[in-house]
Amino acid sequence: MRYAIEAVDIVKTFGDVKALNQVSLEVQEGEIFGFLGPNGAGKSTFVKILLNLVPASAGTAEIFGRKIENISARRNLGFLPENIVAYPFLTVEDFIRFHAELSGIPKNMIKQEISRCIDTLGMGEKRNKRIGTLSKGMLQKVGIMQAIIGKPKMLFLDEPTSGLDPIAIKELRSLMLDMKNNGTTIFLNSHLLSEIERTCDRIAILNKGKIIKTGSQYDLSVKGKHLEVIVEGFTDSMALEINKICSRPVERSGTCLMIYPEREFDSITVHRIIIEQGGKLLSLSWNTESLEELFYRIIKDENICNS
Amino acid sequence: MKIFAIAKVGFKECLGYKLVYFIFLMALLFILLGRSCSPGEITGNDILFDAQARQNLAMKVAFNGIVLWSIMLCGLLAANILSKELEEGTAVITLSRPISRALFAAGKLLSVLMVSVLNLFLLGFIFFVLFYFEAGYVNYNIFAGFFLMILNMLMYALMLLLCSLYVPRFITPMIGIFIYLTSCWTALPFYFSRLKLLWIPSDTITNMHTYLPRFGDLQLISASYIDSAPPLNDLTGPLASVLFYCLAFWFLILSGFKKKQV
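Residues numbered from 1 in each chain as written. Chains lettered and ligands numbered in written order. Predicted model: local features only at pLDDT ≥ 70, side-chain atom pairs only at ≥ 80, totals over all residues. Heavy atoms only, no water.

**Student:** What should I look at first to understand the overall build of chain B in this one?
**Tutor:** From N to C terminus, chain B includes 12 helices and zero strands. Seen in sequence order, chain B has helices and strands lined up from the N terminus as α-α-α-α-α-α-α-α-α-α-α-α. Taken over the C-alpha trace, chain B has a radius of gyration of 20 Å; the compact-globule value for 262 residues is 18 Å, and the two agree within 12%. The buried share of chain B, reckoned over its 262 residues, is 51%. The long-range share in chain B, meaning contacts at least 24 apart out of those at least 6 apart in sequence, stands at 80%. Side-chain charges of chain B comprise 18 positive and 12 negative groups, with the mean position of each set lying 15 Å from the other. (Helix = DSSP H or I, 4+ residues; strand = E, 2+ residues; numbered from the N terminus. Rg over C-alpha atoms; globule rule 2.2 N^0.38 Å. Buried < 20%, exposed > 50% of the residue type's maximum accessible area, 1.4 Å probe, protein only. Contact = heavy atoms within 4.5 Å. Lys, Arg positive; Asp, Glu negative; His and termini not counted. Charge placed at Lys NZ, Arg CZ, Asp CG, Glu CD.)

**Student:** Please explain the domain arrangement of chain A as it appears in this structure.
**Tutor:** Interface size, as often reported, equals the accessible area lost upon joining of the parts. When its domains are assigned, chain A resolves into domain 1 (5-216) and domain 2 (226-287). When each unit is reduced to the centre of its C-alpha atoms, the spacing between domain 1 of chain A and domain 2 of chain A is 45 Å. (Domains from an automatic or database assignment.)

**Student:** Teacher, can you tell me more about the interface of chain A and chain B here?
**Tutor:** Taken together, the contact pairs 31 residues of chain A with 27 residues of chain B. Roughly 2,500 Å² of surface becomes buried between chain A and chain B when both sides are summed, with 62% attributable to carbon and sulfur atoms. In this structure, the connection of chain A to chain B is made through one salt bridge. Between Lys12(B) and Asp94(A) there is a salt bridge; the shortest N-O distance is 3.4 Å. Viewed at the interface, chain B and chain A are joined by 14 residue pairs in polar contact (both at pLDDT 80 or more). Looking at the side of chain A that touches chain B, the elements with two or more residues in it are strand 1 (3-14), strand 6 (77-80), helix 2 (92-103) and helix 4 (136-148) of chain A. (Buried area = accessible area lost by both parts, 1.4 Å probe. Salt bridge = Lys/Arg side-chain N within 4 Å of Asp/Glu carboxyl O. Polar contact = N/O pair within 3.5 Å; in protein donor to acceptor, adjacent residues only side chain to side chain.)

**Student:** What should I look at first to understand helix 8 (residues 172-191) of chain B in this one?
**Tutor:** Given 3.6 residues per helical turn, the α-helix brings residues three or four places apart onto the same face. The end-to-end C-alpha distance of helix 8 of chain B, which contains 20 residues, comes to 28 Å, matching closely the 28 Å that a straight helix rising 1.5 Å per residue would cover. Listing the buried residues of helix 8 of chain B in full gives Thr172(B), Pro173(B), Gly176(B), Ile179(B), Tyr180(B), Thr182(B), Ser183(B), Cys184(B), Thr186(B), Ala187(B) and Pro189(B). (Expected span 1.5 Å × (residues − 1).)

**Student:** Explanation requested: the packing of aromatic side chains in the structure shown.
**Tutor:** The relation between two aromatic rings is expressed through the spacing of the ring centres and the mutual angle of the planes. All names here are of chain B. Inspection of every chain in the model, using the stated rule, returns 21 aromatic pairs over all chains. Aromatic pair Phe104 and Phe257: ring centres 6.1 Å apart, planes at 25°, arrangement stacked. Note that Phe104 is positioned in helix 6 (residues 101-135) and Phe257 in helix 12 (residues 232-259), a separation of 153 residues in sequence. You'll find Phe104 and Phe257 in the same group, each marked buried. Ring centres of Phe121 and Phe143 lie 6.2 Å apart, and the angle between their planes is 20°; on these two criteria the pair is classed as stacked. Here Phe121 is found in helix 6, whereas its partner Phe143 is found in helix 7 (residues 141-166), with 22 residues between them in sequence. (Phe/Tyr/Trp six-rings, centres within 6.5 Å; stacked < 30°, edge-to-face > 60°.)

**Student:** I'm lost on the nonpolar core in this one. Help?
**Tutor:** Across soluble globular proteins, nonpolar side chains show a tendency to be buried alongside one another. One finds Phe46(A), Phe156(A) and Phe187(A) to be the most contacted residues of the largest nonpolar core, which totals 157 residues. The element best represented in this core is helix 7 of chain B, accounting for 15 residues. Setting aside residues no more than four positions away along its own chain, Phe46(A) makes contact with Ala7(A), Ile10(A), Leu20(A), Val23(A), Leu25(A), Phe35(A) and Phe187(A). In this structure, Val229(A), Val231(A), Met238(A) and Ala239(A) belong to the second largest nonpolar core, which totals 15 residues. (Core = buried A, V, L, I, M, F, W, Y, C linked by side-chain atoms within 4.5 Å.)

**Student:** What's the story with the sheet that holds strand 14 (residues 280-287) of chain A in this structure? I'm lost.
**Tutor:** Sheet strands pair via backbone hydrogen bonds, and the direction of the pair is either parallel or antiparallel. Residue and element names in this part refer to chain A. A sheet is described by the order of its strands in space; here four strands give the open sequence 12-13-11-14, paired in antiparallel fashion. At either margin of the open sheet sits one strand with a lone partner, and together these are strand 12 (246-253) and strand 14. Direction aside, neighbouring strands of the sheet carry axes that sit 20° apart on average. Across four bridges, strand 11 (residues 226-232) lies against strand 13 (residues 256-261) in antiparallel orientation. The residue of strand 13 that forms the bridge with Val229 is Leu257. (Pairing = 2+ DSSP bridges. Axes fitted to C-alpha atoms, helices over the stretch in contact; angles between N-to-C directions.)

**Student:** It is not clear to me how the pattern of salt bridges should be interpreted in this structure. Could you clarify?
**Tutor:** Opposite charge on two side chains permits them to pair, given that their charged atoms come into close proximity. On inspection of all chains with the given rule, the structure shows 19 salt bridges over all chains. Across the salt bridge formed by Glu93(A) and Arg127(A), the nearest N and O atoms sit 2.9 Å from each other. Taken together, the residues span a long stretch of sequence, with Glu93(A) in helix 2 and Arg127(A) in the loop between helix 3 (107-120) and helix 4 at a distance of 34 residues. We classify Arg127(A) as partly exposed; its relative accessible area is 22%. Between Asp201(A) and Lys180(A) there is a salt bridge, with the nearest N and O atoms lying 3.1 Å from each other. Of this pair, Asp201(A) sits in the loop between helix 6 (193-199) and strand 9 (202-207) while Lys180(A) sits in helix 5 (residues 166-181), and the two are 21 residues apart along the sequence. Residue class for Asp201(A) comes out partly exposed when judged on its relative accessible area of 30%. On the basis of relative accessible area, Lys180(A) is assigned to the partly exposed category, the value being 24%. Connected through shared salt-bridge partners, Glu93(A), Asp94(A), Arg97(A), Arg127(A) and Lys12(B) make up one network.

Structure below.
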């Protein structure tokens, strides 16, 4: 199977600091892949390596089967950096034209493509404005326009919602889904977990330069699936009994317990233990983690393990 | 062509610098002042300078002035054109496109040359017109000299583009002008036959003249077009130096730029 992105053991060091430590990743064609991680985890560095903007210290990577060092790997590719810096003296149209020319779009198609991008982002009024006069949100839209010019097969978006208002965020979300439906693979770096939750097919979590989890959100959150139990008369011996069938210790907040049984049918066992230990069960329900909870849990666990 | 797309943006960027207009105005001022100074009388007999030589001397002074201003402009632009992109981050999106770094650097270099050559020829043309009104005749040779100076500009722009990858960009033009003027100075005893009678260059001067990029040689040869086209022999050495240094600078720019993190 040919992957849209295939990275093997990517290492990047800056002096003594290891920004990326043997990062391996496969992104399938046509999916939206979310790349999560706390600040300084190495997400942007990884994207820059894939775009050959920063050389890797070790490891190899391919985009659509082409080595990233080859210019051909960057054909049919769009990129929106985290903080877009564009030539302030160019007008919006000139800037998009410049990128259309560099992308190798045929000359007779350029005008049409520029109009399509401008219409998609609703920037018709700003078409002839100089970039230097635009607000941060507008500049971000210009960045998105240059990224989608030529209908790229692969799109790298680094914090794409930065500076956008809620309406523009919603439009961007539907744009991403439209592009995905048309076969574009999207690699999304974002701190906005809710955005990733809504759009991504699969995610990878990067922490301190290492990928610690990869999979669909469902796969990852199954492990965080837990029982929320409200009980009266909770005792330490009850906790000891319950912990025997759990992957992690019971968490308690007043009368509310968070229990992480290893198997789904252990809920019956939990019920039995509470009754046997003289407790009064008021409610019991299964809950799945949101991406935010999942992310927080994984990063926290990882940091505890490391320390 | 992608290179022209990059050059076009670079050209617009260069024209956005106020410094370009400042230098142009300074050079223009120099020409206008030079015009009022140039017809000064040299009394006595015409053994050293006949009437034509006097006229040509004035022309050469103006030529060298115009060239130096243009070289200075070329250096300032070359020092900024690539390093500013890297510093400010505008190169990030551009280099994520299917273009090589060599093409990007070439496009940027082309834009610097376009502005510098435009400046040189515009000033040259103004001088040419003023000279016609002053002297009542035209000397087209001055343009041959300007054409030869394009090579000097190319070598100078490449040198400063290279420097700007490693040295802070406000220092780069100073390094450039130091090397350029040193090269001009060391070339003097080798190109003025009358000066040779008075000045036997030391080994240091000779070595500097031989091994430094021969900007001075080219400038003096270019200026000599005002009298007459110099013999081809005079051109061989400096042209070989230009070729060698241009290739060396270009190769070093590419290897340095390739390793740069954007």
